[in-house]
Amino acid sequence: MALDTARKRLDEMLADLERSITAVQEEHPEAEHHTADAGASLSDTDRVDAALAALRRQRAEVLAALARAHEGTYGKCVDCGLQIPEVRLEARPEAARCVACQGKHDRLHR
């Protein structure tokens, strides 16, 4: 994937993630404050908190990918240094690792 194309896709992803985070926070102002007073509300709050955490993790991955693009290391695996396959970057422009290294990383962080 061309670097300009990757940057554009990452910028679009970042904007979408920012909008999603803002929307969830506006729709659920009680999230992250844990003001729930009943078990059902607590589980709703927990779900919202988990969704926000996932969105923020993905935002961090996109920001890291943009930083790699700026540094000139975008598309290279952060672990082994080999080129990340084009098809992987097309599917996951924020990918920091090749498939083999991502698998190792996932197994270590379970």
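Quick caveat, the model's predicted, so the values are computed rather than measured. (Residues numbered from 1 in each chain as written. Predicted model: local features only at pLDDT ≥ 70, side-chain atom pairs only at ≥ 80, totals over all residues. Heavy atoms only, no water.)

**Regarding the layout of surface pockets**
The condition that has to hold: Buriedness for pockets is judged along seven lines, at least five of which must meet protein on both sides within 12 Å for an open set on the 1 Å grid over protein atoms alone, while cavities are sets there where a 1.4 Å probe fits but cannot get out, and lining residues have an atom within 4 Å of a point. Grid points are joined across faces, edges and corners, and a volume is the space filled by probe spheres set on the points. To qualify as a helix, a DSSP run of H or I must reach at least 4 residues; to qualify as a strand, a run of E must reach at least 2; elements of each kind are numbered from the N terminus. When residue character is reported, Ala, Val, Leu, Ile, Met, Phe, Trp, Tyr, Cys and Pro are called nonpolar, Asp, Glu, Lys and Arg charged, and the others, Gly included, polar.
Put simply, the largest pocket is a space of about 150 Å³. Lining of the largest pocket is provided by Glu 61, Ala 64, Arg 68, Arg 88, Arg 92, Glu 94, Ala 95, Ala 96, Arg 97, Gln 102 and His 105. Among the secondary structure elements, those contributing two or more residues to the lining of the largest pocket are helix H2 (39–71) and helix H4 (99–108). If you tally residues by element for the lining of the largest pocket, the top one is H2, at three residues. Residue classes in the lining of the largest pocket are distributed as three nonpolar, two polar and six charged.

**Comments concerning the nonpolar core**
Quick reminder of the rule: Side-chain atoms within 4.5 Å link the members of a nonpolar core, which is a set of buried Ala, Val, Leu, Ile, Met, Phe, Trp, Tyr and Cys residues. Categorising residues by exposure relies on relative accessible area from a 1.4 Å probe, with only protein chains included: less than 20% of the type maximum marks a residue as buried, more than 50% marks it as exposed, and the intermediate range marks it as partly exposed. Here a residue-residue contact requires only that any non-hydrogen atoms of the pair lie within 4.5 Å.
Counting residues in each nonpolar core, the largest one holds 22 residues, and the members touching the most others are Leu 10, Val 62, Tyr 74 and Leu 89. Of all the secondary structure elements, the ones that give two or more residues to this core are helix H1 (3–27) and H2. Setting aside its immediate chain neighbours within four residues, Leu 89 contacts Met 1, Arg 9, Tyr 74, Gly 75, Ile 84 and Ala 95.

**Describing the UniProt feature "zinc finger region: dksA C4-type" (unreviewed entry) in the protein chain**
Cut-off, in case you're wondering: UniProt positions are given in the numbering used here, feature names are shortened, and annotations may be inferred rather than shown by experiment.
The UniProt entry lists residues 77–101 under the feature "zinc finger region: dksA C4-type" (unreviewed entry), expressed in the numbering used here. The span residues 77–101 is 36% helical and 0% strand by assignment, and the distance between its end C-alpha atoms comes to 8 Å.

**Examining the UniProt feature "domain: Zinc finger DksA/TraR C4-type" (unreviewed entry) in the protein chain**
UniProt's feature table lists "domain: Zinc finger DksA/TraR C4-type" (unreviewed entry) at residues 72–107, given in the numbering used throughout. In residues 72–107, the share of helix is 42% and the share of strand is 0%. The end C-alpha atoms are 28 Å apart.

**Thoughts on H1**
Rules: The length a helix should cover is 1.5 Å for every residue beyond the first.
The first and last C-alpha atoms of H1 sit 36 Å apart over 25 residues, in line with the 36 Å expected at 1.5 Å per residue. Among the residues making up H1, those that are buried are Ala 6, Leu 10, Met 13, Leu 14, Leu 17, Ile 21 and Val 24.

**Here we look at the pattern of salt bridges**
Opposite charge on two side chains permits them to pair, given that their charged atoms come into close proximity. Put simply, the test is: Any carboxyl oxygen of Asp or Glu that lies within 4 Å of a side-chain nitrogen of Lys or Arg is treated as forming a salt bridge with it.
Per the counting criterion, the structure on display carries six salt bridges. Across the pair Arg 19 and Asp 16 runs a salt bridge whose closest N-O atoms are separated by 2.2 Å. Of this pair, Arg 19 and Asp 16 both sit in helix H1, three residues apart, which is roughly one turn of that helix. Judged by its relative accessible area of 52%, Arg 19 falls in the exposed class. Exposure remark for Asp 16: the relative accessible area of 40% places this residue in the partly exposed category. Where Glu 94 meets Arg 92, a salt bridge forms, and the shortest distance between an N and an O atom there is 2.8 Å.

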